[in-house]
Amino acid sequence: MAGMDGFGVQLKRGDGEVSETFTAIADVTNLSGPGLSRETLDVTSHGSPDAYMEFLGGLKDPGEVSVDINYQPAVHDVLVADFDDPEPRNYQIVFPDTGATTWTVKAILTGFEPEVPYDDKATAALTFKISGKPTIS
């Protein structure tokens, strides 16, 4: 059987200490990304074979991670401090596969959007911009 059940994925926040400890961000309901992308460099010339355009790989953009949470101010407002910090912080995405595949990234919190409707649960949408190459282990 192919595929993986996504239930149990975790987003963890590093504490920034030398011997870094990662703590799971509570109540994640949805996680998407990182959305890796790459620029291309057009190297087409008048001598390109059979008049086909030619390209080389250019700079890579590690993308963003979007996270939805069941928002609890007392638990999640520590993230607002990350929004105020211009320096990237270490985060980990831990997948629920048998090997607990982990992506470690440096990221800047670029979006924090709580929503508190009168007839439903409080939620927040978080957006993290990754800085540099992710490490996959």
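Bear in mind the structure is a predicted one, so any value in this text is a computation, not a measurement. (Residues numbered from 1 in each chain as written. Predicted model: local features only at pLDDT ≥ 70, side-chain atom pairs only at ≥ 80, totals over all residues. Heavy atoms only, no water.)

Undergrad: Give me the overall build of the protein chain: which residues, what numbers.
TA: Tallying secondary structure elements over the protein chain gives 2 helices and 10 strands in all. When the elements of the protein chain are put in sequence order from the N terminus, they spell out β-β-β-β-β-β-α-α-β-β-β-β. On C-alpha atoms alone, the protein chain measures out to a radius of gyration of 19 Å, which is more than a quarter above the 14 Å that the 2.2 N^0.38 rule sets for 137 residues. Taken along the three principal axes of its C-alpha coordinates, the protein chain extends 65 × 45 × 40 Å. With 137 residues in all, the protein chain has 26% of them scored as buried. Nonlocal contacts in the protein chain, meaning residues at least 24 apart in sequence, comprise 59% of its contacts between residues at least 6 apart. (Helix = DSSP H or I, 4+ residues; strand = E, 2+ residues; numbered from the N terminus. Rg over C-alpha atoms; globule rule 2.2 N^0.38 Å. Buried < 20%, exposed > 50% of the residue type's maximum accessible area, 1.4 Å probe, protein only. Contact = heavy atoms within 4.5 Å.)

Undergrad: Pulling in residues and values, what's your account of the nonpolar core?
TA: Counting residues in hydrophobic clusters, the biggest one holds 19 residues, and the most contacted among them are L11, V65, V67, I69, Y91, L126 and F128. At the level of elements, β6 (64-70), β7 (89-94), β8 (102-115) and β9 (123-130) are the ones that each hand at least two residues to this core. When residues of this core are assigned to their parent elements, the largest contribution, 5 residues, is made by β8. Residue contacts for L126: discarding those within four places in its chain leaves V65, S66, V67, I69, L79, L109, G111 and F112. (Core = buried A, V, L, I, M, F, W, Y, C linked by side-chain atoms within 4.5 Å.)

Undergrad: Which residues make up a negative patch on the surface, and what values go with them?
TA: Together, E113, E115, D119 and D120 line one region of the surface with negative charge. By the element assignment, E115 lies in strand β8. (Patch = residues over 30% accessible without salt bridge, like charges linked within 9 Å, V, L, I, M, F, W, Y side chains within 5 Å. Areas by Shrake-Rupley, 256 points an atom, 1.4 Å probe, with all protein chains shown as cover. Salt bridge = Lys/Arg side-chain N within 4 Å of Asp/Glu carboxyl O. Lys, Arg positive; Asp, Glu negative; His and termini not counted. Charge placed at Lys NZ, Arg CZ, Asp CG, Glu CD.)

Undergrad: Give me the lowdown on the pattern of salt bridges, citing residues and values where you can.
TA: Throughout the structure, instances matching the rule amount to 3 salt bridges. With its nearest N and O atoms 2.8 Å apart, the salt bridge here joins R13 to D82. Of this pair, R13 sits in strand β1 (residues 10-14) while D82 sits in helix α2 (residues 78-84), and the two are 69 residues apart along the sequence. Classification of D82 as buried rests on a relative accessible area of 5%. Between K129 and D61 there is a salt bridge, with its nearest N and O atoms 2.7 Å apart. Here the residue K129 occupies a position in strand β9, and D61 occupies one in strand β5 (residues 55-61), the gap between them amounting to 68 residues. On the accessibility criterion, K129 (25% relative accessible area) is partly exposed. Members of the salt-bridge network, linked through shared partners, are R13, D82 and R89.

By themselves these figures say nothing about function.
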